[in-house]
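# Geometric and topological summary
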Amino acid sequence: MTIHSADLFDTHVHLDRLPAGFDAAREIELAQHQGIRRFLLPGVEPRHWQRLLQLAAELPGCLAAPGIHPQAAQLWNGETAGHLCGLLKEPQVVAIGEIGLDRQLVLPAIDMQERALRGQLQLARQAGLPVLLHCRKAASRLLDILREEHAGEVGGIWHSFSGSLETARAAIELNFAIAFGGPLTWPDARRGPAVLQDLPAQWIVLESDAPDLAPHPHRGATNRPVYLNLVAERVAALRGWSLEETARLTTANACRVLGLK
């Protein structure tokens, strides 16, 4: 399936973390041939930021969102903050990510995660850039911090959303779009499809999260950007939209929350 009348936007793809045997340029080429035109590359830790920006500069349709993932929160300090602040001036950088809270991690401790999150939210507000959120088993606390740090001034995207409709609505009130990926397509998915069907159309975006969380029927295998079409097909079916309408709406939403044309 190739979408011609409107193009898809993959709002979360880790091209810098593909397993051996996968070439980022080839993956982008394959995806673009199938109507997936734009790609947002989130960061995880500082040592990979330069590679992230290099990929975004070299590959067509790619943009970068450097940041510190909760799993690397111990790396947040004044020096790292200065480094990140400098990168935000690069033309291919359109957001900070992925940042947030993850209570499934034993380490770093949650207070360290919160410190890194707050610091990056403050940088985002100073730079006027949106953020990409990561959250596992910490939705209530994450929402509290977003409110305390006035994150609604910049908004962004809640990546790989797996929460309740109530949480999604609270995020939307703070100007965060809700991103759906591979798990939406899994045969045993229940909450995701129910949430998707009740959300305002203007707050839904798509992501692959490649190389993780491959959609059905590739679950358990390496995820690839080209599989975003499978997510789009599932969204279309659940919402009663055409594939063209799904692409048009979700891409327009992504561009809006990221401040892109």
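See the structure above.
Summarised in this report is the structure supplied together with it. (Residues numbered from 1 in each chain as written. Predicted model: local features only at pLDDT ≥ 70, side-chain atom pairs only at ≥ 80, totals over all residues. Heavy atoms only, no water.)

### What about the pairing of strand 5 (residues 131-136)?
- Within strand 5, five of the six residues are buried, which leaves the element mostly enclosed by the surrounding structure.
- As defined by bridge partners, strand 4 (residues 96-102) adjoins strand 5 across five bridges and the pair is classed as parallel. Looking at the pairing, Asp102 lines up with Arg136 of strand 5.
- A crossover links strand 4 with its parallel partner strand 5, the connecting element being helix 4 (residues 110-127), and its sense is right-handed. (Buried < 20%, exposed > 50% of the residue type's maximum accessible area, 1.4 Å probe, protein only. Helix = DSSP H or I, 4+ residues; strand = E, 2+ residues; numbered from the N terminus. Pairing = 2+ DSSP bridges. Right-handed = clockwise from strand over helix to strand, strands pointing away.)

### Description of the pattern of salt bridges
- On inspection of all chains with the given rule, the structure shows 11 salt bridges.
- As a salt-bridge pair, Arg118 and Glu148 come within 2.6 Å of each other at their nearest N and O atoms. Linking Arg118 in helix 4 with Glu148 in helix 5 (residues 139-148), this pair joins segments that are 30 residues apart in sequence.
- Take Glu148: its relative accessible area is 43%, and that puts it in the partly exposed class.
- With a shortest N-O distance of 3.2 Å, Asp188 and Arg219 are connected by a salt bridge. Here Arg219 lies in the loop between strand 8 (204-206) and helix 8 (228-239) and Asp188 lies in the loop between strand 7 (176-180) and helix 7 (191-198), a separation of 31 residues in the sequence.
- Look at Asp188 and you get partly exposed, because its relative accessible area is 48%.
- On the basis of relative accessibility, which here comes to 44%, the residue Arg219 falls in the partly exposed class.
- Connected through salt bridges with shared partners, the residues Arg118, Glu148 and Glu149 form a single ionic network. (Salt bridge = Lys/Arg side-chain N within 4 Å of Asp/Glu carboxyl O.)

### Re the nonpolar core
- The biggest cluster of nonpolar side chains holds 90 residues, and the ones touching the most others in it are Leu15, Leu146, Trp158, Ile178 and Leu199.
- Considering every element that reaches this core, the biggest residue donor is helix 9 (residues 243-258), with six residues.
- Leaving out residues up to four positions away in the same chain, Leu146 has contacts with Leu121, Leu133, Ala151, Leu174 and Phe176. (Core = buried A, V, L, I, M, F, W, Y, C linked by side-chain atoms within 4.5 Å. Contact = heavy atoms within 4.5 Å.)

### Observations regarding the side chain of Glu98
- If you trace the backbone, Glu98 turns up in strand 4.
- In terms of polar contacts, Glu98 uses its side chain to reach the side chain of His14, at 3.1 Å.
- In this structure the side chain of Glu98 is engaged in a polar contact, spanning 3.4 Å, whose partner is the side chain of His159.
- Those residues in contact with Glu98 that lie beyond four places of it in its chain are His12, His14, Pro42, Gly43, Ala65, Ile68, His69, Pro70, Leu132, His134 and His159. (Polar contact = N/O pair within 3.5 Å; in protein donor to acceptor, adjacent residues only side chain to side chain.)

### Digging into the side chain of Glu207
- One can find Glu207 in the loop between strand 8 and helix 8.
- Nearest to the buried, unbridged Glu207 among oppositely charged side chains is Arg136, at 12 Å.
- In this structure the side chain of Glu207 is engaged in a polar contact, spanning 3.2 Å, whose partner is the backbone nitrogen of Ser160.
- Every residue in contact with Glu207, bar those within four places of it in the chain, is listed here: Asp10, Thr11, His12, His159, Ser160, Ala179, Phe180, Gly181, Gly182, Leu228 and Val231. (Lys, Arg positive; Asp, Glu negative; His and termini not counted.)

Spatial relationships are all this shows, so hold off on functional conclusions.
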